[in-house]
Amino acid sequence: MNSNSVKVGFISLGCDKNRVDTEKAIAIVQNAGYRITDDVEKADIIVINTCAFIKSAVKEAVNTVLEAAARKKEGAKIVVTGCFTERYAAETAEEFTEVDAFVGMNRYNELPEIFKNLGNGERMYTGGEGVFYPAARVLTTPPHYAYLKIAEGCDNHCTYCTIPSIRGKFRSEPQRSLVDEAARLSEDGVKELIVVAQDTTKYGSDLKDGSNLTSLLAELCKLDFKTVRLLYAYPESVTDELIDFIADEPKMAKYIDIPLQHISDRVLKRMGRRTDSDAIRALLRKLRARIPEITVRSTFIVGFPGESEEDFELLKAFIAEGNIDYAGFFAYSREEGTPAARMADQIPYKVKVARQRAVEKEEAKVVARKNEALVGKEVEVVYEGIDYNRGRFIGRPVFAAPTVDPVIYFTADFAPQVGKNYMVKITRGGFYLSGKASEADQKE
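Quick caveat: nothing in here was measured; it's all calculated off a predicted structure.

Caption draft 1: Region of interest: the side chain of Glu181. By secondary structure assignment, the location of Glu181 is in helix H6 (residues 175-187). Overall, the relative accessible area of 1% leaves Glu181 in the buried class. Here the side chain of Glu181 touches Arg137 through a polar contact of 2.9 Å, side chain to side chain. Not counting residues within four places of it along the chain, the set of residues in contact with Glu181 comprises Lys24, Pro134, Ala135, Arg137, Leu148 and Glu173.

Caption draft 2: Geometry of the UniProt feature "binding site: [4Fe-4S] cluster 1" (unreviewed entry) in the protein chain. When the UniProt feature table is mapped to this numbering, "binding site: [4Fe-4S] cluster 1" (unreviewed entry) covers Cys15, Cys51 and Cys83. These annotated residues cover 69 residues of sequence, and their C-alpha atoms lie no more than 11.1 Å from one another, placing them together at a single site. Under the relative-accessibility criterion, Cys51 is labelled buried at 14%. Not counting residues within four places of it along the chain, the set of residues in contact with Cys51 comprises Leu13, Gly14, Asn18, Ala57, Val58, Ala61 and Cys83. The topology assignment puts Cys83 in helix H3 (residues 83-92). On the basis of relative accessibility, which here comes to 5%, the residue Cys83 falls in the buried class. Contacts of Cys83, omitting those with residues within four sequence positions, involve Thr50, Cys51, Ala52, Ile166 and Arg167.

Caption draft 3: Just the side chain of Asn18, in detail. Along the polypeptide, Asn18 turns up in helix H1 (residues 16-31). Reaching out from Asn18, the side chain makes a polar contact with the backbone oxygen of Thr50 at a distance of 3.1 Å. Separated by 2.8 Å, the side chains of Asn18 and Arg167 make a polar contact. In contact with Asn18, not counting residues within four places along its chain, are Ser12, Leu13, Asn49, Thr50, Cys51 and Arg167.

Caption draft 4: Examining the packing of helix H11 (residues 309-320) against helix H12 (residues 349-372) more closely. At a minimum axis distance of 8 Å, the contact between H11 and H12 shows a crossing angle of 15 degrees. Classified by the angle their axes make, H11 and H12 are roughly parallel. Both H11 and H12 take part in a crossing whose hand is right-handed. Across the interface between the two elements, Glu309, Phe312, Leu315, Lys316, Ile319 and Ala320 of H11 pack against Arg355, Ala358, Val359, Glu362, Glu363, Val366 and Arg369 of H12. Looking at side-chain class alone, the contact of H11 with H12 contains seven nonpolar, no polar and six charged residues.

Caption draft 5: Spotlight on the sheet that holds strand E12 (residues 252-257). Read from one edge to the other, the open sheet built from six strands follows the order E7-E10-E11-E12-E13-E14, with strand pairing classed as parallel. Here the strands that pair on one side only, and so sit at the sheet edges, are strand E7 (145-149) and strand E14 (326-331). Averaged over neighbouring strand pairs, the angle between their axes works out to 20 degrees when direction is ignored. Here strand E13 (residues 295-302) pairs with E14 via six bridges, running parallel. Note on E14: the bridge partner recorded for Phe300 is Phe329. Helix H8 (residues 240-248) rests against strand E11 (227-230) and E12 of the sheet, and its axis sits at about 140 degrees to E12. Contacts from H11 reach E13 and E14 within the one sheet, and its direction differs from that of E13 by about 160 degrees.

What counts and how
- Residues numbered from 1 in each chain as written.
- Predicted model: local features only at pLDDT ≥ 70, side-chain atom pairs only at ≥ 80, totals over all residues.
- Heavy atoms only, no water.
- Helix = DSSP H or I, 4+ residues; strand = E, 2+ residues; numbered from the N terminus.
- Buried < 20%, exposed > 50% of the residue type's maximum accessible area, 1.4 Å probe, protein only.
- Polar contact = N/O pair within 3.5 Å; in protein donor to acceptor, adjacent residues only side chain to side chain.
- Contact = heavy atoms within 4.5 Å.
- UniProt positions renumbered as here; feature names shortened; annotations may be inferred.
- Axes fitted to C-alpha atoms, helices over the stretch in contact; angles between N-to-C directions.
- Parallel < 35°, antiparallel > 145°, perpendicular 65-115°, else oblique.
- Left-handed = near helix turned anticlockwise from the far one by under 90°.
- Nonpolar A, V, L, I, M, F, W, Y, C, P; charged D, E, K, R; others polar.
- Pairing = 2+ DSSP bridges.

Rendered as structure tokens:
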């Protein structure tokens with residue numbers, strides 16, 4: 001194929017870590033001379049970067065491939081990358097005839113060469129972990145924020161999780177490489193850098209140069225970002241050093257995402273987690289004592305094998321107490337090959353869903369209760385778009401992360417600019433706050 005005449009469309013599924021991989025893959029393909037299109041209906045090659053963490057993600061990946069397959073009648077080629085390739089390609093490649101090439105995790109740098117061979121009729125597969133540290137990216141987020149993936153894989157081996165088997169062992173990207181990548185993002189106008197990995201707090205543990213998460217954050221905060229935000233910090237590894245750095249560094253968002261998964265000691269032990277309820281509560285007390293304004297986000301799994309009614313009530317009470325500002329809840333997904341999948345006392349699907357809805361309702365009450373306290377006050381938001389159905393602007397408060405936390409709807413007597421920060425006076429509470437911004441209140 002002559003790259004200059006070939007249009008390539010990318011579809012990115014799954015988490016923000018996968019998004020970063022997609023952005024780097026786009027840059028690699030573009031730098032090789034291929035034309036990038038955001039309309040897959042016009043693409044000659046469709047690259048689908050998949051997730052396969054849980055059954056619903058696998059189903060989404062398969063459905064996306066089948067939808068793209070309709071374009072094959074017009075000569076389009078389909079390339080599947082990411083987690084699905086690592087988890088299933090070897091056993092499904094023969095029957096998944098819609099796919100022209102399966103490209104394994106972190107082998108995105110091979111895409112241009114693979115594209116050249118798509119026309120010879122030979123179906124291809126390349127797997128394995130590979131090494132993938134390019135700094136060049138084509139952002140798919142709004143231009144004012146971007147994610148920085150600082151490591152790959154995971155060593156925690158929670159009993160429900162497929163990530164170690166899909167993504168491999170934990171591997172930190174060298175600090176110099178990350179700082180260079182972040183510097184390019186800053187030069188491109190990114191104002192909020194969001195640090196991600198499967199376990200950010202483990203960063204540097206496999207390096208020989210003494211790097212750790214705090215030292216990396218210190219270097220990132222020297223760059224021209226307004227905000228650096230931390231996600232996916234495992235509770236047992238949130239150190240006093242890290243807490244102090246978040247408290248004292250002006251550029252650090254007073255926000256931390258800590259995946260707790262449960263509060264029952266019995267369930268935590270069966271999950272293979274390395275903490276307990278006392279340690280979790282002690283950490284939350286320490287965080288709020290040191291950083292009173294901090295926002296804590298977390299994720300929880302309900303319906304884990306053997307979760308009794310008592311275990312669930314412990315979690316429900318923990319949420320109702322208001323310990324977590326924002327949370328995501330997931331019904332346990334039984335994933336083949338994991339220790340939890342082999343546990344005998346599986347919870348019926350209807351029970352899992354009912355428990356998920358029950359804790360979601362409790363968390364919604366917590367959010368609404370805390371939001372009521374903000375009525376009449378001014379809140380700093382970054383403007384991110386318009387909700388035409390509501391007839392309101394959409395602002396993300398500085399105490400919230402993109403796409404996962406509640407936004408603020410506001411009016412203004414001027415035209416706000418995407419990515420700019422404004423002060424919004426809150427006029428109505430509830431799960432979603434409402435208010436009005438004044439141009440005079442713009443935050444530089």
